[in-house]
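# Structural overview for review
Below, each chain spelled out in residue letters.
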Amino acid sequence: DTALSEQLGMADHAVIAHRGDSYNAPESTLPAYQLACEVGADYLELDLQRTKDGKLIAVHDDNLKRNTNIETVYPERASDPVNTFTWAELEKLDAGSWYNQAYPERARESFRGLKLVTLDQVREIAEGCAHQPGLYIETKVPEFFPGIEEDLKQDLTQHGWLDKDAKGKVILQTFNKSSLEALQDVMPNVPKILLLWAGDGYIPTKDSAPKADDESYAQYYARQEVASKADYAEWLDYAKQNGAIGVGPSGTQANFDDAWSSQFSYMDLAKTWMVDMSHEKGLLMHMYTLDDREDMIRYRDRGVDGFFTNRPNMAVKTLTDS
Ligand code: G3P
Ligand code: CA
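Residues numbered from 1 in each chain as written. Chains lettered and ligands numbered in written order. Predicted model: local features only at pLDDT ≥ 70, side-chain atom pairs only at ≥ 80, totals over all residues. Heavy atoms only, no water.

## Details of unusual backbone geometry
The omega angle of the peptide bond from Tyr288 to Thr289 is -20°, so this bond is cis rather than trans. Within the secondary structure, Thr289 is located in the loop between strand 9 (284–287) and helix 13 (293–302). The phi dihedral of His13 is positive, around 55°, even though this residue is not glycine. Mapped onto the elements, His13 comes out in the loop between helix 1 (2–7) and strand 1 (14–17). (Helix = DSSP H or I, 4+ residues; strand = E, 2+ residues; numbered from the N terminus.)

Structure below.
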C-alpha cells in the first residue's frame, strides 16, 4: 500500500535489517548494524531487553547461551535471563566468536571479542549513516521488563527520535498483545506493527492439529489454509483497534538453519488474500524473515510493504534490479 507507506513517511518495500546484517556479521553487534547501514537498509531492527541496572540493550534470546561465551564466563548463571545481569557484567562477554565457529566461511578475526550493544549504540550508528535509516524496535517478553515501553519512550525522546521531523523513523513491533497496548499508551503517535506467528492461538499446534493418522504436520498445512478468513480478520481487527498501522506475519521461507523455526516454514501468514485483506483494512504488511532472492521477489509481487531480512545487501540489490 504505497499511499499508506508514504503518508507514514516510510519506504515502499522497506528493507528491515534483522538484527543488522546478521548474515555477514554476528547478529546484534556493531559490525552487523554498520554493514546494514552501508548497504542501504531502510531500518535497523533490534530486540529490546533491559539489564538489571536499567540499560536498554539489543539482544534476541531470553538468555545469552547461543550468541555469547556466557557458559565460560558465568557458568553457574548461563541459563539466567538477561535482566539478571548488570551491563558491566554483560560487557565482559564475547558476542562474536560463536559466529566464527558457526560460519567459518564468513568468519573474520575482528569478530572475536565483539561486545553486546546498547540501544544507544545502534541509534548512533543510524544517526551516523549517510542515508539515515530508521530504527525498528521489538519489545519482547514484557513480563520480564515491566515499564520497558516507558523507558524506551524516554530514551527516544531524549535523543530527538520522537520529534515531528523524525516521522516514520521509528517503528515499534511486538508479538505481545499487552506490550502493543502499553506501547500505544505511552507512544500513541509512533507507528506500531503487531507481529503474527503460527503459534499464536489461531493456528493448531503439532499436538492440536486435526490431521489424519498417517499425515504429517507439514502435509496437514499443505492441504488447508493456515488461518481461516474469519480468524485472520479478527487478528487484523485487534491490531488496528489497538493502534497498529500494520502487521508483521511470517511467510514461507527457503532458508532456515534452526529446527525450531523450520517447523513453521511452510505456514504462510502472508498469502495473497491475507496481503489483500490487510490492505483493505488499511493496514501495512511487513513480513519476516526473507533471505532468499526468489522469496523476496515473490512477496514483493504479492504486494507486501516491506520485509525483515538477515541479508539486507541482497534485499536492496534484489529490489533495485528486479
Ligand atoms: O522481529 C520480527 C521478526 O523477525 C520476529 O522474529 O524472533 O527474529 O524477533 P524474531
Ligand atoms: Ca525481532
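## Thoughts on the packing of helix 13 against helix 14 (residues 312–321)
Here helix 13 crosses helix 14 at 50°, and the two axes come no closer than 10 Å. Considering their axes alone, helix 13 and helix 14 lie oblique with respect to each other. The two elements helix 13 and helix 14 meet at a crossing, and its hand is right-handed. Taken together, the residues of helix 14 that come into contact with helix 13 (itself represented by Arg293, Met296, Ile297 and Arg300) are Met314, Ala315, Thr318 and Leu319. (Axes fitted to C-alpha atoms, helices over the stretch in contact; angles between N-to-C directions. Parallel < 35°, antiparallel > 145°, perpendicular 65-115°, else oblique. Left-handed = near helix turned anticlockwise from the far one by under 90°. Contact = heavy atoms within 4.5 Å.)

## Examining the site of ligand 1
Taken together, 13 residues form the shell around ligand 1, and within it His18, Arg19, Glu45, His60 and Gln173 come nearest. Glu45 has a polar side-chain atom sitting 2.8 Å from an oxygen atom of ligand 1. The separation between an oxygen atom of ligand 1 and a polar side-chain atom of Asp47 is 3.3 Å. In isolation ligand 1 offers 290 Å² of accessible surface; the protein chains occlude 89% of this area. Residues that form the shell around ligand 1 fall into these classes: 4 nonpolar, 4 polar and 5 charged. (Near = heavy atom within 4 Å. Polar contact = N/O pair within 3.5 Å; in protein donor to acceptor, adjacent residues only side chain to side chain. Areas by Shrake-Rupley, 256 points an atom, 1.4 Å probe, with all protein chains shown as cover. Nonpolar A, V, L, I, M, F, W, Y, C, P; charged D, E, K, R; others polar.)

## Some points on the state of the cysteines
Scanning all chains against the criterion turns up 1 disulfide. With a sulfur-sulfur separation of 2.3 Å, Cys37 is cross-linked through a disulfide to Cys129. For the disulfide bridge between Cys37 and Cys129, the dihedral angle about the S-S bond is near 105°, and by the sign convention the bridge is right-handed. Pair noted here: Cys37 is in helix 2 (residues 30–38) and Cys129 is in the loop between helix 6 (119–128) and strand 5 (134–139), with a separation of 92 residues, a long-range link. (Disulfide = S-S within 2.5 Å.)

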